[in-house]
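This is what each chain is made of:
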Amino acid sequence: MPRTLRPHAHHPVRTAVRAALTAALAVTLVACSAASAEEATVGESGKAVLRYDGSVGQVTFPELAADLGYYEDVELEWVGDSTGGPQSIQAAATGSTDFGGAFNGAIVKLKASGSPITSVISYYGSDELSYGGFYTVEGSPITEPRDLVGRSIGVNTLGAQSEFLIREWLSRGGLSAEEIDQVELVVVPPVNAEQVLREGQVDVVGLSRVFQDKALERGGITQLFSETSLYGNFSYGTYIFRDEYIAKNPEVVKDFVQGTARAIRWAQVTPVEEVRARYTSIIEGRGRGESTELVPYWKSASITAPGGVIAEEEIATWIDWLVREGELEKDQFSPGDIYTNEHNPYANGTYAKDAGPDGEPVEVAP
């Protein structure tokens, strides 16, 4: 059968990370030419319209917030589907959308390139139920980091979370920078990742969520390491806005954050079957011709803190990592330069930190 690997997708780990930073610089140049008129567009409803990218067959937390009626002054306008975090934050940085989300390491790199953006709320992470892992076929001679020298790893995109995690695991395993450079990254679409691994086109592949669950059900694969084995329960990605948009539309951003935080909290404290039923209803009702086959695999909100409050270490970890790897200068940024919890009701005193989506006490809180 035809190879599913994308052309020109082979990159040593270090080279790929630097290439992503270079790409971010290019994005900044484009961002400088984005429309200077940052005043929010008002829809027929009288609410501010926020343009965003969605995800095929899945429900984002802003979409859930809108469906639950948690926004007072905001309405959403879907402009298309994103293929990944780097594309999402590039679209937001250049003004093609009003907000976007990505892995925090990618956000730090975009900020370092001069793009005026700020993270406002966490939206995905890893916990005991929802996480990503890296797998070999059963019986593979690859069992430890050093075994990957000269081998290949399939990842869904370059310059994002998988690269950081791979390099961290290899580094913790005692590999030098030169040895890590000999580990080849290959871009593999998630839908093809399991097949590419089983056919031997790569030696290791990253799998997460539904693709991981289905592969494990079929058996014959072995986990090398996972997100939780490296960092435990941890939030990895945040939504960002352009700083000028925040400055000119503070009430819009405030409403977006409070509504999204409450939607995250709703998903954190609501029974799984009820969440799945709500997601199915949203997907079927929005008329995009999507399947709901991914919904039964939803297990948890995956976010560590109630309401998606951003923890300093979730940003500091990647700043320190990039400094260590020579991608950032020491003291170039502090975490406070990257994110704010100002508008999150679970951080600013509006609600108790362990309250429910309407500020009410909840019996069971994660």
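Coordinates for the structure precede this section.
Quick caveat, the model's predicted, so the values are computed rather than measured.

**A look at the overall build of the protein chain**
Of the regular secondary structure elements, the protein chain holds 13 helices and 12 strands. The contacts in the protein chain between residues at least 6 apart in sequence include a share of 79% that link residues at least 24 apart. Counting only carbon and sulfur atoms, one obtains 49% of the accessible surface of the protein chain, whose full area is about 15700 Å².

**Digging into the packing of helix α2 (residues 61-68) against helix α11 (residues 250-269)**
Packed helix pairs are characterised by how far apart their axes lie and by the angle those axes make with each other. Where α2 contacts α11, the axes come no closer than 8 Å and their chain directions differ by 90°. By the angle class used here, α2 and α11 are roughly perpendicular. Taken together, the residues of α11 that come into contact with α2 (itself represented by F61, P62, L64, A65 and L68) are F256, G259, T260, A263, I264, W266 and A267. Counted by class, the contact of α2 with α11 contains 10 nonpolar, two polar and no charged residues.

**Things to note about the nonpolar core**
Within the largest apolar cluster, 84 residues are counted, with the highest numbers of intra-cluster contacts made by F61, L64, L148, I153, Y279 and W318. The element contributing the most residues to this core is α11, with nine residues. When residues no more than four places from it in sequence are discounted, the contact partners of L148 are I142, I153, W169, L170, V183, V204 and L224. Counting residues in each nonpolar core, the second largest holds 11 residues, with V186, V188, A193 and V202 among its members.

**With respect to the side chain of S140**
As for its placement among the helices and strands, S140 is situated in the loop between β7 (132-137) and β8 (152-155). We classify S140 as buried; its relative accessible area is 16%. Side-chain polar atoms of S140 contact the backbone nitrogen of I142, separated by 3.1 Å.

**A word on the sheet that holds strand β2 (residues 41-42)**
Ordered by their spatial adjacency, three strands build an open sheet running β2-β3-β4, and the pairing between neighbours is mixed. With partners counted over all chains shown, the strands left at the sheet margins are β2 and β4 (74-81), one partner each. Across two bridges, the pairing between β2 and strand β3 (residues 48-54) is antiparallel. Note that in β3 the partner of T41 across the bridge is V49.

**Observations regarding the pattern of salt bridges**
Per the stated rule, a full pass over the model turns up 19 salt bridges. For the salt bridge of E325 with R167, the shortest nitrogen-to-oxygen distance reads 2.5 Å. Here R167 lies in helix α5 (residues 161-172) and E325 lies in the segment after α13 (312-324), a separation of 158 residues in the sequence. The two residues E325 and R167 agree in class, both being buried. Ionic pairing is found between E290 and R286, a salt bridge with its closest N-O pair at 2.8 Å. The pair E290 / R286 is uniform in exposure class, with both members buried. Here the salt bridges share partners, and the residues they tie into one network are R167, E168, R172, R324 and E325.

**With respect to the environment of E313**
Note that E313 resides in helix α13. With 79 residues separating them in the primary sequence, E313 and F234 have C-alpha atoms 9.3 Å apart.

**Side note on the sheet that holds strand β12 (residues 234-242)**
Reading across the sheet, the three strands line up as β5-β12-β6 and stay open at both edges, with antiparallel pairing between neighbours. The open sheet is flanked by β5 (100-103) and β6 (117-126), the only strands paired with a single partner. Across the sheet, the axes of successive neighbouring strands diverge by a mean angle of 30°, strand direction being ignored. Here β5 pairs with β12 via four bridges, running antiparallel. Within β12, the position partnered with G101 by the bridge is Y239. Contacting β5, β6 and β12, α13 runs over the sheet at an angle of about 90° to β12.

**Overview of the packing of aromatic side chains**
Summed over the entire model, instances satisfying the criterion amount to 24 aromatic pairs. An angle of 75° between the planes, with centres 5.7 Å apart, marks the rings of Y279 and W298 as edge-to-face. Of this pair, Y279 sits in helix α12 (residues 272-285) while W298 sits in the loop between α12 and α13; the two residues are 19 residues apart in sequence, bridging distant segments of the chain. Taking relative accessible area as the criterion, W298 reaches 14% and is therefore assigned buried. Summarising the aromatic geometry, the rings of Y346 and Y351 are spaced 5.4 Å apart at their centres and angled 65° between planes, so their arrangement reads as edge-to-face. Look at Y351 and you get buried, because its relative accessible area is 19%. An aromatic cluster of at least three residues, connected via ring pairs, comprises Y52, Y71, F99, Y123, Y124, Y239, F241, Y245 and F256.

Reading guide: rules and limits
- Counting restarts for each chain: residues are numbered from 1 in the order of the written sequence.
- Local features in a predicted model are, by the rule used here, given only for residues with pLDDT of at least 70; side-chain atom pairs are given and counted only at 80 or more, and totals for whole chains, interfaces and linings are based on all residues.
- Each side-chain value is derived from all of the structure's non-hydrogen atoms; neither hydrogens nor water enter the calculation.
- For the purposes of this entry, the term helix denotes a DSSP run of H or I that reaches at least four residues, the term strand denotes a run of E that reaches at least two, and both are numbered from the N terminus.
- It only takes one pair of heavy atoms within 4.5 Å for two residues to be counted as in contact.
- Accessibility throughout is a Shrake-Rupley quantity obtained with a 1.4 Å probe, and a residue counts as covered only by protein chains that appear here.
- Geometry is summarised by axes, namely lines fitted to C-alpha atoms with helices restricted to the contacting stretch, and by angles between N-to-C directions that run from 0 to 180 degrees.
- Geometric relationships in this document are graded by angle, where less than 35 degrees denotes roughly parallel, more than 145 denotes roughly antiparallel, 65 to 115 denotes roughly perpendicular, and other angles denote oblique.
- All amino acids are sorted into three groups, where Ala, Val, Leu, Ile, Met, Phe, Trp, Tyr, Cys and Pro are nonpolar, Asp, Glu, Lys and Arg are charged, and the leftover types, Gly among them, are polar.
- What we call a nonpolar core is a set of buried Ala, Val, Leu, Ile, Met, Phe, Trp, Tyr and Cys residues that are connected through their side-chain atoms within 4.5 Å.
- Think of it in three bands: with a 1.4 Å probe and only protein chains considered, a residue is buried below 20% of the maximum accessible area for its type, exposed above 50%, and partly exposed in between.
- A 3.5 Å cut-off defines polar contacts: any pair of N or O atoms within that distance qualifies, except that in protein one atom must be a possible hydrogen donor and the other a possible acceptor, and neighbouring residues in sequence count only when both atoms are side-chain atoms.
- For two strands to be treated as a pair, DSSP must find no fewer than two bridges joining them.
- Think of a salt bridge as a Lys or Arg side-chain nitrogen and an Asp or Glu carboxyl oxygen that are within 4 Å of each other.
- Between rings of Phe, Tyr and Trp, where Trp is taken as its six-membered ring, a pair exists when centres lie within 6.5 Å; planes separated by under 30 degrees are stacked, by over 60 edge-to-face, and by other angles tilted.

As far as function goes, none of this settles anything; it's purely spatial.
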